[in-house]
Amino acid sequence: MAALGEEFTLSAEALFAGPDGLLGVEPSDKTDHFLVTDRSRTVVLYKVSDQKPLGSWSVKQGQIITCPAVCNYQTGEHIVVHDNKVLRIWNNEDVNLDKVFKATLSAEVHKIHSIQGTEPLVLFEGGAVRGLEALLAEPQQKIEKVICDGEVIKWTKFFVVFRHPVLVFITEKDGNHYAYVQMFNSRNLSKYSLLLGQEEKSVTLNFTAYVDRKFISLMSLSSDGCIYETLIPIYPGDTEKNQRLVRSLLLKAVVSGITRNGVTLTALDQDHVAVLGPPLPSSKECLSIWNIKFQTLQTSKELPQGTSGQLWFYGENLFMLHGKCLTVVPYKCGSSSLAGALGKLKHTQDTGTQTMPHFVNWEMSQGCGLGSPNSEQPRILRRKKTEISLQPEVPASEQLLSTIKSGSEKHIEVELRKFLAKWTPDFHTAIGDILTGLLGRCKAEPSFYPQNCLMQLIQTHVLSYSLCPGLMDTALEKTDVQMLQLCLQQFPDIPESVTCACLKTFLSNTEQDEKMEEQSEILRNGFNAEKNYSNHNRDLSKKPQDSTEETSSCPVIPKRAALLNAILHSAYSETFLLPHLKDLPAQDITLFLQYLYFLYLKCSENATMTLPGIHPPTLSQIMDWICLLLDANFTVVLMIPEAKRLLINLYKFVKSQISVYSELNKIEVSFREIQKLNQEKNNTGLYSIEVLELF
C-alpha cells in the first residue's frame, strides 16, 4: 500500500523557474541536503528537515547556468556548468563562484551525473561521456560525437549495476526515439530503436526507468495518457548492430489523454510509479502513485496551484514546483500485496489525500481475459480450497486512534503511555497520525485539550513543525506557554512568523504572570529563582530613577525569562524574521530590549561567565537579538520616552566597547612580534626568564 504525506514548502520564495521549471534538484553529500538549481544564475543548498537554505551561490550577471549542480561524493565538493562549456567546482565555505576553480571545456555539456560510490560522469551534447578526473586533467581534449546528426538528447539516467556504472540516455529525431546504453566496465555502447506498439498515433512525453535484474525497465508516458514499458538488456548480444525494441502497454489512462504539457512520471520502485498530471480533461493537476504490478491507483493528492510538470524523488521524499514554490511531499510505498492493491489493508487517511483502489481494465492492458470493460471489479483467479484473509490484526496505533475519537482525556493519556512503551516498525508514522487525531478533535471540540498527551508526543523527538503545523497554532490559541516553550526547544524548523507570534505571547501575557509563576513545569533556561529578580512587575511607563537600579535586576520574572530564552535559542533567517519583528507593540519592544540589555550586562561583566540554568543564552545570541530588534524598530524606539534612557545606556556601553577593542588592536602587532620571538628561540632550556620591552 502506498501513501502520500502532508506536503511542506522547502522554499517559500519564488524561484526563477521559467516556463520549463527548474534545472534540477540533486542530493548533496548528506542525506538531508539537496542542491536546487534554477534556470537563471543561482544554486541553493537546502536542508529538508529545517526547510531552510544553508547556502546560495550565483554566477555573474550575463552568465547562465546550463545544467543542474551536483555533488562530488568523493570530495564533498559541488559541480556546476554555466554557458554550456564552463565548469565550476566549489565547496560550502566558498562565497563567490567567480573565484572558485574553473575549467573551460571544448564541447557543450548536457548533464553531469553523480551518485554514491562512483566518480562523477560528464555527458556531452554529442553523446560522449568522460569521467571528471580525466576531463580535469585535460579540459581542452577533443570530444567525439556519438549520436547521429539531428538527434537530440531528451532524457538520461545513471545506474550502478552489479557495482558497475551504467548510463542510459534517450535521443529523439523526427519523432523517433533511440536508447543508448553505455557500460563503463567494458566501454561498450549499445544503441536501440524504440518502436511504437499500440500507441502509433501518440507522442512520447516523458521517461523513467529502474533496473530489474538483467534488464533496464524503461517506462514512457505518452500523449494518449498511457504508460508503456520497454525492457532493455543490460548485456546486449550484439553491440555493433542497431537493435530494435517494441514498447508494450503497462498502464492505461493514468492522465488525461488530451494533456501534453505539465505531465511527468518517475519510478519509485519495481512496483510503484508516481505520476504528475490531471486525471481528467477538466480536473486540476494531481500527484498520484500507481501500483503497476496490480494495475491500481493507490493514492492521489490534488495540486490546485498547478505544477511545472517536473518531479524528482530521493529517499522517501518527492520534490516538485507547486505554484511557484518548491514543495516536498513525503511518501511511503509498502511491500506490494494483493490486499494493499485492492485497498483492503487498514490505514489512516490524511486530510486532502485520496487513498482508494482505482481499477484498470486488465483485459485491455494485459490481454489475459481477467476482466471486461463492463465489470465493476476485476475478477481474481484463485486456486480451489484456498482462503485469503484480508483482515489482519488491528495495530495498536489504530486502536489508540479509535480511543482518541471518543475517549476521555485521562483514558487517552493512559492508552498513549502504553503505546509509547512499545516500539513498533511504524512508530514514526503512527506518532504523526496520533497527533493529527488529537488536534482534529481539539478543533472539533473546543473544550477538549489533552495537554499532557501532546507534550508526551513532542518529547518522543520524532516530530517537527512541518509534520504538525497545527500543534503550535493550537498552543498559541490556548495561550499554552509551556507547550510553546517545549516546541521551541524541540522543533528545528519553526517559521519566523510563528517564532514572533510566540515572542508576542510571552511578552504581552502580563495578566497571567501569577499563573505562570504557579506553573513550576516551565523550564528555567538560564535562571535561578534564588537570585534577585526584583522590579519584574514594574510599570513600564514609570520613569526609572536611576540607571544603575534599572539594570541591576531582571525586568521580568524568572518564568517569563525562561520563555524568552527559548526564543533566543530558536533558529531563524534574518531576512524572514525582520518583517515580523516590526509588528511587535512598542511596550513589548521596550520590555524585550530591557531584558536583553540586562543579560548583556551580566555576560559582559565577566567574559568567561555563563548564565546559570540548563539552556542559558550566549553573548552572541543576546547581541544578535538586540541588533535585530533595533534594525526592525529603531524609529519606533526613538519615539518611545521610556526607551530613551535605555538607548543612551546602550550607546555608552557600545562606545566603551569600541574604545577597548581599538586599544587591543593597537597592541595586536606587538603580540605577534612576541609570538615570533618565542618561535625563534628553541634552546631556552627547561626554565628561563626573559624581559621584553614594548615601545
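What counts and how
- Residues numbered from 1 in each chain as written.
- Predicted model: local features only at pLDDT ≥ 70, side-chain atom pairs only at ≥ 80, totals over all residues.
- Heavy atoms only, no water.
- Helix = DSSP H or I, 4+ residues; strand = E, 2+ residues; numbered from the N terminus.
- Buried < 20%, exposed > 50% of the residue type's maximum accessible area, 1.4 Å probe, protein only.
- Contact = heavy atoms within 4.5 Å.
- Areas by Shrake-Rupley, 256 points an atom, 1.4 Å probe, with all protein chains shown as cover.
- Phe/Tyr/Trp six-rings, centres within 6.5 Å; stacked < 30°, edge-to-face > 60°.
- Pairing = 2+ DSSP bridges.
- Axes fitted to C-alpha atoms, helices over the stretch in contact; angles between N-to-C directions.
- Expected span 1.5 Å × (residues − 1).
- Core = buried A, V, L, I, M, F, W, Y, C linked by side-chain atoms within 4.5 Å.
- Patch = residues over 30% accessible without salt bridge, like charges linked within 9 Å, V, L, I, M, F, W, Y side chains within 5 Å.
- Salt bridge = Lys/Arg side-chain N within 4 Å of Asp/Glu carboxyl O.
- Bend = angle between axes of the 7 residues up to and from the residue.
- pLDDT = per-residue confidence, 0-100.
- Polar contact = N/O pair within 3.5 Å; in protein donor to acceptor, adjacent residues only side chain to side chain.
- Disulfide = S-S within 2.5 Å.
- Parallel < 35°, antiparallel > 145°, perpendicular 65-115°, else oblique.
- Left-handed = near helix turned anticlockwise from the far one by under 90°.
- Nonpolar A, V, L, I, M, F, W, Y, C, P; charged D, E, K, R; others polar.

Q: Honestly, the overall build of the chain in this entry has me stumped. Any pointers?
A: Of the regular secondary structure elements, the chain holds 18 helices and 31 strands. Counting all 695 residues of the chain, 48% fall into the buried class. Long-range pairs, those at least 24 residues apart, make up 55% of the contacts in the chain between residues at least 6 apart in sequence. When the accessible surface of the chain is summed, it comes to about 35,900 Å², and 50% of that surface belongs to carbon and sulfur atoms.

Q: Is there a simple way to think about the packing of aromatic side chains in this case?
A: The description of two aromatic rings rests on the distance between their centres and on the angle between their planes. Per the counting criterion, the structure on display carries nine aromatic pairs. When the centroid spacing of 6.2 Å and the interplanar angle of 40° are considered together, the rings of Trp 155 and Phe 207 count as tilted. Taken together, the positions of Trp 155 in strand S14 (residues 152-161) and Phe 207 in strand S18 (residues 204-212) put the pair 52 residues apart, joining distant regions of the chain. Of the residues examined, Trp 155 reaches a relative accessible area of 15% and is grouped as buried. Between Phe 169 and Tyr 180, the ring centres sit 4.9 Å apart and the planes meet at 5°, which makes this aromatic pair stacked. Of this pair, Phe 169 sits in strand S15 (residues 164-173) while Tyr 180 sits in strand S16 (residues 176-183); the two residues are 11 residues apart in sequence, bridging distant segments of the chain.

Q: Looking at this structure, how should I read the sheet that holds strand S8 (residues 77-82)?
A: The strand order across the open sheet formed by four strands is S7-S8-S9-S10, and the pairing between neighbours is antiparallel. The sheet is open, and its two edges are formed by strand S7 (65-72) and strand S10 (101-104), each paired on a single side. Strand-to-strand twist in this sheet, taken as the mean axis angle between neighbours without regard to direction, amounts to 20°. By the bridge criterion, four bridges tie strand S9 (residues 86-90) to S10 in an arrangement that is antiparallel. Along S10, the bridge assignment pairs Leu 87 with Ala 103.

Q: Looking at this structure, how should I read the sheet that holds S16?
A: Adjacent strands of a sheet pair through backbone hydrogen bonds, lying either parallel or antiparallel. With mixed pairing, the five strands of this open sheet are ordered in space as S14-S15-S16-S17-S21. Looking at the sheet topology across the chains shown, the edges are occupied by S14 and strand S21 (243-246). Each neighbouring strand pair of the sheet contributes to a mean axis angle of 25°, computed without reference to strand direction. When S16 meets strand S17 (residues 188-195), the two strands line up antiparallel, connected through seven bridges.

Q: What should I look at first to understand helix H13 (residues 558-569) in this one?
A: Residues spaced three or four apart along an α-helix face the same direction, because each turn holds 3.6 residues. Here H13 contains 12 residues, and its C-alpha end-to-end distance of 17 Å stays within 8% of the 16 Å for a straight helix at 1.5 Å per residue. With 11 of its 12 residues buried, H13 lies for the most part within the structure. What H13 keeps buried is the set Pro 558, Lys 559, Arg 560, Ala 561, Ala 562, Leu 563, Leu 564, Asn 565, Ala 566, Ile 567 and Leu 568.

Q: Whenever I open this one, the nonpolar core confuses me. Can you help?
A: Nonpolar side chains in soluble globular proteins generally cluster together in the buried interior. Grouped together as the largest cluster of nonpolar side chains are 80 residues, with contacts concentrated most on Leu 471, Phe 491, Leu 581, Phe 592 and Trp 625. In terms of residues, this core owes the most to one element, helix H15 (residues 586-605), which gives 12 residues. Look past the residues within four positions of Phe 592 in its chain and what remains in contact with it is Leu 503, Leu 507, Leu 564, Leu 568, Trp 625 and Leu 629. Val 168, Leu 194, Ile 216 and Ile 234 belong to the second largest nonpolar core, which has 18 residues in total.

Q: I'm lost on a nonpolar patch on the surface in this one. Help?
A: A contiguous nonpolar patch, built from Val 660, Tyr 661, Leu 664, Ile 667 and Phe 671 and spanning about 490 Å² of accessible area, is present on the exposed surface. Position of Ile 667 among the secondary structure elements: in the loop between helix H17 (644-666) and helix H18 (668-680).

Q: Would you take a moment to explain helix H16 (residues 619-638) for this structure?
A: Taking 1.5 Å of rise per residue, 20 residues should cover 28 Å, yet H16 covers just 25 Å from first to last C-alpha, more than 12% shy of that figure. Along H16, the helix axis deviates most sharply at Ala 632, where the bend reaches about 70°. Buried residues of H16: Gln 621, Ile 622, Trp 625, Ile 626, Leu 628, Leu 629, Leu 630, Ala 632, Asn 633 and Val 637, and no others.

Q: Would you mind going over the pattern of salt bridges with me for this structure?
A: Any two side chains of opposite charge can pair, given that their charged atoms come close. For the structure on display, the rule yields 10 salt bridges. Members of the salt-bridge network, linked through shared partners, are Lys 60, Arg 88 and Asp 98.

Q: What am I meant to see in unusual backbone geometry here?
A: Glycine aside, the phi torsion of most residues is negative, and most peptide linkages are trans. Backbone geometry places Asn 84, a non-glycine residue, at a positive phi of 70°. By the element assignment, Asn 84 lies in the loop between S8 and S9. A positive phi is found at His 461, a non-glycine position, where the angle reads about 65°. When you line up the elements, His 461 lands in the loop between helix H7 (451-458) and helix H8 (469-478). Residue His 461 is classed as exposed on the basis of its relative accessible area, which comes to 58%.

Q: Mind showing me how you'd approach the confidence of the model for the chain here?
A: Low pLDDT means the predicted coordinates in that region are not meant to be read closely. Looking at the chain, the pLDDT average stands at 79 and 77% of residues meet or exceed 70. Across residues 526-550, where pLDDT falls below 50, the model places 50 contacts with residues more than four positions away in sequence or in other chains.

Q: What should I look at first to understand the side chain of Asn 633 in this one?
A: Among the secondary structure elements, Asn 633 is positioned in helix H16. Of the polar contacts made by the side chain of Asn 633, one reaches the backbone oxygen of Leu 581; its length is 3.3 Å. Other than its neighbours up to four places away in sequence, Asn 633 contacts Leu 581, Lys 582 and Ile 589.

Q: Please clarify how the state of the cysteines should be interpreted in this entry.
A: By definition, a disulfide links the sulfur atoms of two cysteines through a covalent bond. Tallied over the full model, the rule gives zero disulfides. Left without a disulfide partner, Cys 487 is nearest to the cysteine sulfur of Cys 468, which lies 6.9 Å away. Taking relative accessible area as the criterion, Cys 487 reaches 0% and is therefore assigned buried. Cys 487 supplies the cysteine sulfur nearest to Cys 502, a cysteine that is in no disulfide, at a spacing of 7.7 Å.

Q: What exactly am I supposed to notice about the pairing of strand S26 (residues 296-302) here?
A: Of all seven residues in S26, six are buried; the element is thus mostly enclosed. Here strand S25 (residues 286-291) runs beside S26; their pairing, made up of six bridges, is antiparallel. Along S26, the bridge assignment pairs Ser 288 with Ser 300. If you look at the hairpin formed by S25 and S26, you'll find four residues sitting between the two strands, and Gln 295 has a positive phi there, around 60°.

Q: So what exactly am I meant to see when it comes to the packing of helix H14 (residues 574-581) against H16 here?
A: Think of two packed helices as two axes; the pair is described by the angle between the axes and how far apart they sit. Put simply, H14 and H16 touch, their axes get as near as 9 Å, and they point 55° apart. One finds that H14 runs oblique with respect to H16. Considering only the axes of H14 and H16, their crossing is right-handed. Here Glu 574, Leu 577, Leu 578 and Leu 581 of H14 lie close against H16, whose contacting residues are Trp 625, Leu 628, Leu 629, Asp 631, Ala 632 and Asn 633. Classifying every residue of the contact of H14 with H16 gives seven nonpolar, one polar and two charged.

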